[in-house]
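As a plain string of letters, each chain reads:
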Amino acid sequence: MENKTNVFRGEYLPWIIKTGRATNLLGVLLCFGPCLALALMGVWPNWTALSAAMIVQLPGNLVTQIREPISYFTVLGVPGTYMAFLSGNISNMRVPCASIATKSAGYVEGSDEGTITATIGIAVSTFVSTIILTIGVILGSWLLSILPPIVTQILNLLLPALFSTLLINYGMMRPKLFFIWTPVCFILYYFYIIGTWGYGTLATAAIPIISAFGAMGLGVVGSKKGWF
Amino acid sequence: MQLEYLTTANSMIMWIACIPAVLLVLFQAFIFLKRTWATGPRMGVPVEKMKEAAKSSLIASIGPSIVVVSGMFSLLASVGGPLSWMRLAYIGSVMYELPTAERAAMFCGSTLGTDNMTEAAFATAAWLMTIGCLGWIIISALFTDKMEVLRDKIAGGSMDAVAALTAGGGIGGFAYMVAMRCIPFNPMSSNLWAVLASAVFTVWLNLYMKKNPTAKWAQQFGMTISMFIGMAVGAIALFI
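Caption draft 1: Molecular detail of the overall build of chain A. Counting its regular elements, chain A contains nine helices and zero strands. Along the chain direction, N to C, the helices and strands of chain A fall in the order α-α-α-α-α-α-α-α-α. Along the first, second and third principal axes, the C-alpha set of chain A runs to 60 × 55 × 40 Å. Looking at chain A residue by residue over its 228 residues, the buried ones come to 57%. The long-range fraction of contacts in chain A, counting pairs at least 24 apart against all pairs at least 6 apart in sequence, stands at 59%.

Caption draft 2: View of the domain arrangement of chain B. Residue and element names in this part refer to chain B. Assigned domains of chain B: these are domain 1 (4-132), domain 2 (145-183) and domain 3 (184-240). Each of domain 1 and domain 3 was reduced to a C-alpha centroid, and the two centroids are 28 Å apart. Counting residues at the interface gives seven residues for domain 1, matched by six residues for domain 3. Across the interface of domain 1 and domain 3, roughly 570 Å² is buried in total on both sides, 63% from carbon and sulfur atoms. A per-residue breakdown of the area domain 1 buries against domain 3 is headed by Glu-52, Ser-56 and Ile-59, which together make up 63% of the total. On inspection of domain 1 and its partner domain 3, the count reaches zero salt bridges. The tally of links from domain 1 across to domain 3 stands at zero residue pairs in polar contact (both at pLDDT 80 or more). The residue inventory of the side of domain 1 that touches domain 3, partitioned by class, reads three nonpolar, two polar and two charged.

Caption draft 3: A look at unusual backbone geometry. Ile-183 of chain B connects to Pro-184 of chain B through a cis peptide bond whose omega is 5°. Looking at the secondary structure, you find Pro-184 of chain B in the loop between helix H7 (159-182) and helix H8 (190-211). Residue Asn-89 of chain A is not a glycine yet carries a positive backbone phi of 50°. Relative to the helices and strands, Asn-89 of chain A resides in the loop between helix H3 (47-87) and helix H4 (90-105). On the basis of relative accessibility, which here comes to 1%, the residue Asn-89 of chain A falls in the buried class.

Caption draft 4: Structural view of the interface of chain A and chain B. Every contact between the two is made by 152 residues of chain A and, on the other side, 151 residues of chain B. Counting across the interface, chain A meets chain B through four salt bridges. We note a salt bridge from Asp-145 of chain B to Arg-21 of chain A, for which the minimum N-O separation is 2.9 Å. Seen at the junction of chain A and chain B, the total is 31 residue pairs in polar contact (both at pLDDT 80 or more). It is H3 of chain A that contributes the most residues to the side of chain A that touches chain B, 29 residues altogether. Taken together, the residues of the side of chain A that touches chain B sort by class into 94 nonpolar, 46 polar and 12 charged.

Caption draft 5: Structural detail: the environment of Leu-150 of chain B. Residues and elements named next belong to chain B. Within the secondary structure, Leu-150 is located in helix H6 (residues 119-155). Judged by relative accessible area, which is 42%, Leu-150 ranks as partly exposed. Taking the C-alpha atoms as reference points, Leu-150 and Leu-112, 38 residues apart in sequence, are found 43 Å from one another.

Caption draft 6: Spotlight on the pattern of salt bridges. Enumeration according to the criterion identifies 10 salt bridges over all chains in this entry. We note a salt bridge from Arg-87 of chain B to Glu-97 of chain B, for which the minimum N-O separation is 3.4 Å. Taken as a pair, Arg-87 of chain B in helix H4 (residues 81-89) and Glu-97 of chain B in helix H5 (residues 94-107) lie far apart in primary sequence, 10 residues in all. Residue Arg-87 of chain B is classed as buried on the basis of its relative accessible area of 0%. Counted as one network, the salt bridges with shared partners bring together Arg-9 and Asp-112 of chain A together with Glu-148, Arg-151 and Asp-152 of chain B.

Caption draft 7: Representation of the nonpolar core in the model. In this structure, Leu-76 of chain A together with Tyr-90 and Phe-122 of chain B are the most contacted members of the largest nonpolar core, which totals 129 residues. The biggest single contributor to this core is H6 of chain B, with 14 residues. In this structure Phe-122 of chain B touches Leu-38 of chain A together with Tyr-5, Ala-9, Met-14, Val-79, Leu-83 and Met-117 of chain B, once residues within four positions along its chain are discounted. In this structure, Tyr-189, Tyr-192, Ala-203 and Ile-207 of chain A belong to the second largest nonpolar core, which totals eight residues.

Caption draft 8: Broad picture of the packing of aromatic side chains. Evaluation of the coordinates by the stated rule reveals 17 aromatic pairs over all chains. For the pair Trp-47 of chain A and Trp-127 of chain B, a centre-to-centre distance of 5.3 Å together with 70° between the ring planes defines the contact as edge-to-face. Residue Trp-47 of chain A is located in helix H3, and its partner Trp-127 of chain B is located in helix H6; the two belong to separate chains. An aromatic cluster is built from Phe-32, Trp-44 and Trp-47 of chain A together with Trp-127 of chain B, whose rings are joined through pairwise contacts. Above the plane of the ring of Tyr-107 of chain A lies Lys-49 of chain B, whose end atom (NZ or CZ) is 5.1 Å from the centre.

Thresholds applied
Residues numbered from 1 in each chain as written. Chains lettered and ligands numbered in written order. Predicted model: local features only at pLDDT ≥ 70, side-chain atom pairs only at ≥ 80, totals over all residues. Heavy atoms only, no water. Helix = DSSP H or I, 4+ residues; strand = E, 2+ residues; numbered from the N terminus. Buried < 20%, exposed > 50% of the residue type's maximum accessible area, 1.4 Å probe, protein only. Contact = heavy atoms within 4.5 Å. Domains from an automatic or database assignment. Buried area = accessible area lost by both parts, 1.4 Å probe. Salt bridge = Lys/Arg side-chain N within 4 Å of Asp/Glu carboxyl O. Polar contact = N/O pair within 3.5 Å; in protein donor to acceptor, adjacent residues only side chain to side chain. Nonpolar A, V, L, I, M, F, W, Y, C, P; charged D, E, K, R; others polar. Core = buried A, V, L, I, M, F, W, Y, C linked by side-chain atoms within 4.5 Å. Phe/Tyr/Trp six-rings, centres within 6.5 Å; stacked < 30°, edge-to-face > 60°. Lys NZ or Arg CZ within 6 Å of the ring centre and 35° of its normal.

Below, the structure written as structure tokens:
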């Protein structure tokens, strides 16, 4: 067999990085498709309202946009990060699928082999979700009229169940870290909603950042010191 | 009668403008999958394992995709078919898109899905949704390769530290999302019961897998089963 590190680092990753960067930058242009179509129809935004909305919207987005790639990177891997951020639905679909695919094949998340299985998982989930979404948008209005609202309410419970499943899975990888950090996140969030830190953008952004980076930092320090 | 701005929002030209972006997502996933499928065996990853990974991801994607579709319904009624389809298949997520569209409409003095929603307010929503999501794709395009270097630096070459970093990212990220759905504490909350049921099942599943490391069903379907158990228990709480 060839040297697997050479294959992975010498050939595979450089190709992924070159292709991923090119496709994602092309994606930046294609993003403007609907705006261009509206302009062609002579429909323009209200620029003053857009500027004001951007001032309110963008700082919060930017914080998420920096936090998400860093906190999910170890699960998604290099190819998965390009794909997940192009296709969206990261925490509710791409991260779980990367994790499930890697686990089912029996590899360690973050390893080179784990990157291969995570990439397969994310690619497959992209096909599945795009197909289901396309069917959904075509049948959407019709389905909307026949489904009782309770069905949507029940379906919405899939997300908390999924997040809880993932939390426990990661927790069982490092139980001590789980028992220390999960209550911290709950307490931080509790103080946030009772308004201890105000409701500004800063507080809204700070809590998820402290939650994710705090756990990562404590995890690495704990691993090096032999605590966990 | 359909609202005037929705006629524009659902026009053929809007569909045509949204198709290339969705095709790009599929194209990238296809070429990455092809390359990965060819590379795996050269790294000692057997084809059977890759097939297992693909199969379990396929099954696991169905539930969350249906959740996205159900979330798309509200977006569909507000910004029309093409934009909803593109925003959810491309960069965006349900949790982000609807509040963004609402905010843009609000700044124009309009409300989504009502007759005071003008075409200009719709265009403002489309622009804000576009500009707002650029960060994700630009940061991933420019910095993904650097994250690998950053991760290796933080972990200092220790595989255990990489695993701890992964576990930490998962614990911190998902503990926050679970907290958002369980606080304020309400013993009758369906979200809380969904969380608890999935947690108990997942603990059992992990212990079971430790004892039976070859149990294929647990590896492939365990997380999906857990998700549906959580949903079912949460649904019972809805009816009580």
